[in-house]
Amino acid sequence: MAFVKFNVFGKNMSVHRKNGEWLLFLESDTSMRVRIYDVVIPSELDESELSGYLADIFHENASGEHPDVERVK
């Protein structure tokens, strides 16, 4: 599976499934990817549930300019 990319309240993040676990990364403007270790995404979540989970975890980062979590294609 490839990286699933999201705009999480203005921050570019991606999620990757490896060995049955979801791994979360912060994406930089220079295409660097940094693993976020302090957020654990439950392995039983389906890919379609990732956006809602990220919104729940990072809701304090919501603003008028960035009110949503959106999947990026």
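Everything quoted here is computed from the prediction, not taken from an experiment. For every chain, the first residue of the written sequence is number 1, and numbering continues from 1 along that sequence. For this predicted model, a pLDDT threshold of at least 70 governs which residues receive local features, and a threshold of 80 or more governs which side-chain atom pairs are given and counted, while totals over whole chains, interfaces and linings are taken from all residues. Values reported for side chains reflect all heavy atoms of the structure, with hydrogen atoms and water molecules removed beforehand.

Here we look at the pairing of strand β2 (residues 11-18)
Pairing between strands is defined by DSSP: at least two bridges between them are needed. A run of DSSP states H or I qualifies as a helix once it reaches four residues; a run of E qualifies as a strand once it reaches two. Both are numbered from the N-terminal end. By the bridge criterion, 5 bridges tie strand β1 (residues 4-8) to β2 in an arrangement that is antiparallel. Across the sheet, residue Asn7 finds its bridge partner in β2, namely Asn12. Hairpin geometry of β1 and β2 is characterised by an intervening segment of 2 residues between the two adjacent antiparallel strands and by a positive phi of about 50° at Phe9. For β2 and strand β3 (residues 21-27), the ladder comprises 6 bridges, and the chain directions are antiparallel. Looking across to β3, one finds that Met13 is bridged to Leu26. Where β2 hands over to β3, the hairpin turn is made up of 2 residues, of which Asn19 adopts a positive phi near 50°.

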